[in-house]
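Structural overview for review
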Amino acid sequence: MSDSSPIPPSLLTLAPLLGAAFVAGGITQLARLLGQDQTPRARTVAALAVAAGIAALTVVALMTVTLRPDPAPALLLAAACVTGWSGPGILARLGALIERRLGLSPSPALFAPDPAPAEAEGRGQG
């Protein structure tokens with residue numbers, strides 16, 4: 001009896017897709033940063049572009065595992081670009097969600113968005 005379940009693609013098979021997602025996310029964030037009226041320093045731009053590329057790669061990798069049937073490459077590229085535009089803050093949100101689900105204490109997030117004023121006041125009291 002043969003097993004009709006699909007064989008998960010190996011990392012080598014996914015490498016071109018993940019590489020394209022990284023580049024698309026990084027370039028999208030780079031375009032966003034360079035389009036601002038006041039361009040940040042080169043080191044900041046490079047760090048945010050790389051972090052956005054990693055975020056895009058992560059989102060695309062998660063989509064390839066969770067969406068069935070396999071998502072179209074155009075959808076994955078679009079998701080990489082949207083994630084790249086949003087920036088690396090999505091990794092902080094995903095990390096916080098996973099930490100909460102696992103019952104871990106939250107770690108400080110370098111790329112996390114600034115807290116809302118009510119949250120900042122709540123942290124100051126203690």
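Notes on the structure follow.

Thresholds, definitions, all that
- Residues numbered from 1 in each chain as written.
- Predicted model: local features only at pLDDT ≥ 70, side-chain atom pairs only at ≥ 80, totals over all residues.
- Heavy atoms only, no water.
- Helix = DSSP H or I, 4+ residues; strand = E, 2+ residues; numbered from the N terminus.
- Expected span 1.5 Å × (residues − 1).
- Buried < 20%, exposed > 50% of the residue type's maximum accessible area, 1.4 Å probe, protein only.
- Arc of directions from axis to C-beta.
- Core = buried A, V, L, I, M, F, W, Y, C linked by side-chain atoms within 4.5 Å.
- Contact = heavy atoms within 4.5 Å.
- Axes fitted to C-alpha atoms, helices over the stretch in contact; angles between N-to-C directions.
- Parallel < 35°, antiparallel > 145°, perpendicular 65-115°, else oblique.
- Nonpolar A, V, L, I, M, F, W, Y, C, P; charged D, E, K, R; others polar.
- Left-handed = near helix turned anticlockwise from the far one by under 90°.
- Polar contact = N/O pair within 3.5 Å; in protein donor to acceptor, adjacent residues only side chain to side chain.

Here helix 4 (residues 89-102) spans 20 Å end to end across 14 residues, near enough to the 20 Å set by a 1.5 Å rise per residue. Inspection of helix 4 places G89, A92 and E99 among the buried residues, and these make up the whole buried set. Along helix 4, the residues classed as buried sweep out an arc of 85° about the axis, all on the same side. Exposed side chains of helix 4 directed beyond 90 degrees from the buried face belong to R93, R101 and L102.

Another aspect to go through is the nonpolar core. If you look at the biggest cluster of nonpolar residues, it comprises 11 residues: L14, L18, A21, A24, A56, V59, V60, M63, L76, A79 and A80. Those elements that place two or more of their residues in this core are helix 1 (11-34), helix 2 (42-66) and helix 3 (73-86). With near-sequence residues (within four places) excluded, A24 lies in contact with L77, A80 and C81.

Bringing the packing of helix 2 against helix 4 into the picture now. In contact at an axis separation of 8 Å, helix 2 and helix 4 are set at 50° when each is read in the N-to-C sense. In this view, helix 2 runs oblique relative to helix 4, as classed from their interaxial angle. Note on element contacts: helix 4 touches helix 2 through I90, L91 and L94, opposite A51, I54, A55, T58, V59 and L62. Of the residues in the contact of helix 2 with helix 4, the class split is 8 nonpolar, 1 polar and no charged.

We now examine the packing of helix 2 against helix 3. Where helix 2 contacts helix 3, the two axes come as close as 8 Å, and the packing angle between them is 145°. The element helix 2 and its partner helix 3 pack so that their crossing is right-handed. When helix 2 is examined against helix 3, the residues A52, A55, A56, V59, V60, M63 and T64 are found in contact with a partner set consisting of L75, L76, A79, A80, T83 and G84.

Along the chain, T83 falls in helix 3. At 2.7 Å, the side chain of T83 forms a polar contact with the backbone oxygen of A79. If sequence neighbours within four positions are ignored, T83 has contacts with A55, A56, V59 and I90.

The values are spatial; any link to function lies outside them.
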